[in-house]
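Per-entry structural report
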Number of protein chains: 2
Amino acid sequence: MNTRDLTPRRPSLRGRAPATVRAPLAQPALEPIATTPSFKHKAYTALKNAIVQMDIYRSRDDIRLDERKLAQDFGISRTPVREAMAQLESEGFVRSVPRRGIYVVRKTKREVIEMITAWAALESMAARLITQNATDEEIAGLRKMFTTFVDGRLRAHLDEYSDVNIEFHQSIIKLSHNAVLTDLAENLFTHMRMIRRKTIVEKDRADRSIRDHMNIIEALESRATDRAEELVRDHALGLAAHVAEFADYLD
Amino acid sequence: MNTRDLTPRRPSLRGRAPATVRAPLAQPALEPIATTPSFKHKAYTALKNAIVQMDIYRSRDDIRLDERKLAQDFGISRTPVREAMAQLESEGFVRSVPRRGIYVVRKTKREVIEMITAWAALESMAARLITQNATDEEIAGLRKMFTTFVDGRLRAHLDEYSDVNIEFHQSIIKLSHNAVLTDLAENLFTHMRMIRRKTIVEKDRADRSIRDHMNIIEALESRATDRAEELVRDHALGLAAHVAEFADYLD
DNA sequence: TTCTGGCATATTGTATACCAGTCATGAACA
DNA sequence: TGTTCATGACTGGTATACAATATGCCAGAA
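Residues numbered from 1 in each chain as written. Chains lettered and ligands numbered in written order. Predicted model: local features only at pLDDT ≥ 70, side-chain atom pairs only at ≥ 80, totals over all residues.

1. Digging into the domain arrangement of chain A
- Each assigned domain of chain A is listed here: domain 1 (38–104) and domain 2 (109–246).
- Contacts between the two partners involve five residues from domain 1 of chain A and, on the opposite side, seven residues from domain 2 of chain A. (Domains from an automatic or database assignment. Contact = placed C-beta atoms within 7 Å.)

2. Some details on the protein's contact with DNA strand D
- Of all residues adjacent to DNA strand D, which total 21 residues, the nearest are F39, I76, S77 and T79 of chain A together with E67 of chain B.
- When residues of the surface near DNA strand D are traced back to their parent elements, those giving at least two are helix 1 (38–53) and helix 3 (78–90) of chain A together with helix 2 (67–74) and strand 3 (101–104) of chain B.
- Of the residues contributing to the surface near DNA strand D, the split by class is six nonpolar, six polar and nine charged. (Near = placed C-beta within 6 Å. Helix = DSSP H or I, 4+ residues; strand = E, 2+ residues; numbered from the N terminus. Nonpolar A, V, L, I, M, F, W, Y, C, P; charged D, E, K, R; others polar.)

3. Details of unusual backbone geometry
- Phi is positive for H177 of chain A, close to 55 degrees, though the residue is something other than glycine.
- Along the chain, the position of H177 of chain A falls in the loop between helix 6 (163–175) and helix 7 (179–195).
- Using a count of 16 C-beta atoms within 10 Å as the deciding quantity, one classes H177 of chain A as partly exposed.
- Not every positive phi belongs to a glycine, and R99 of chain B is a case in point at roughly 60 degrees.
- Mapped onto the elements, R99 of chain B comes out in the loop between strand 2 (94–97) and strand 3.
- Owing to 4 C-beta atoms within 10 Å, R99 of chain B belongs among the exposed residues under this scheme. (Buried ≥ 20, exposed ≤ 12 C-beta atoms within 10 Å, placed from the backbone.)

4. Side note on the environment of A71 of chain B
- Locating A71 of chain B in the fold gives a position in helix 2.
- The contact partners of A71 of chain B, leaving out residues within four places of it in the chain, are I76, S77, R78 and V81 of chain B.

The structure is reproduced here in structure tokens:
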């Protein structure tokens, strides 16, 4: 098997990347056309949704996904399904065992704690960036969103893994305007969403969480960089500690 | 196209992992045979190495990879090459343009800064964890590794993107014993390594970098959590600022 | 009845054939 | 001489066929 000898030279291809060259015309910015997002991408989205929505922590039985059945159900061939699976595997959602099957991954308690810790790292950096770069309007939007949540009757459901809670933290990350932070965190949040159903909703923690959020917003508004970072970090690490102590249903 | 209807039931599969059950016999513990890592994985490794090693920032010409040629060179079919490509694409190393080709991705200046910022977030959290969890021996190993580097004649090459420099930071992340942090950072570091050749080696920054490293080690040794975190963070963010100011060769 | 060995089956890994756009080329024409 | 446009080679996307291997079943012997 002769390896190597790639193609580092460019083969003619004169015009560099015409696809990315935007015409400088004064057109009303028409959308990039309804480009069909390829079967592979559609399969990826559908599979990810399906996996996220299933309550995988309810039972301890292994959950296996059948390539051929999925391909049949989607009405496509195995190839795009396999490519979607490969991506989901690299993102930590499924695990492929050769000649055995593809199984949905259940995170261990340790892994969940590690993910929350990583999230703490990313979001605390985001908070820092917000105090330095975000506009007052953006931060005000954060407060508005939050108070809407709290005033509504959603308060009762504001446990750590609820959609509204995660959305709040997701907004903080996004306000950093750092695409890398956002992407990395997005994957972590998706994993979080999968655990939510099993969470023990403790009234105390919910109240504490709301107070934390308020303090975070205030620190951001006053541009207190170090304090904002610290509050965000400790809020997340507090959840990690809580999981470490009480989330015995994992494992 | 009827979607959905996965296979959440587990298909028998009674004994969970019989492969790990060791026979209690007095046999010479024969190894589980050399299992060959799938062509897909081998192609992935080979491709990644090839991409990382090529000096992609030397020229501005697009670098295109040809599926068919690569498959031919590797002596395998297109399928595993494609699957490897898909993974590399999700990791941000290549970009696939339908009906056009697969191109090696060149990071923009903004993206590099964002990556360094994310790295700062991860490593500063790692530093925090080290002060709380790592053993004295582990931290001592860090100092030993570093002094070996500095004492040697490697000092001249200790610019921010050099292998030894990156290895130092990699070691810090690893000492956190947090697999999620480690994985996320690993990808960022790999991207870093690709930029190194174009770096302007400034003597001042190299010296500053060494001093920073020493301070970081001392903070870790004295278990100064907040200080270690701050030093690590500022060290990385300093590089980000440096790139923002001087790395005009990007873009 | 219990255990062993071989075969049938199931499932993923890999190879190959086909399809649908894209782009360079060059002939035809003004 | 410059422009247009048809054509064909080329490329990634998709479908399908084939190969390799793990697992379960069953017949037959002890």
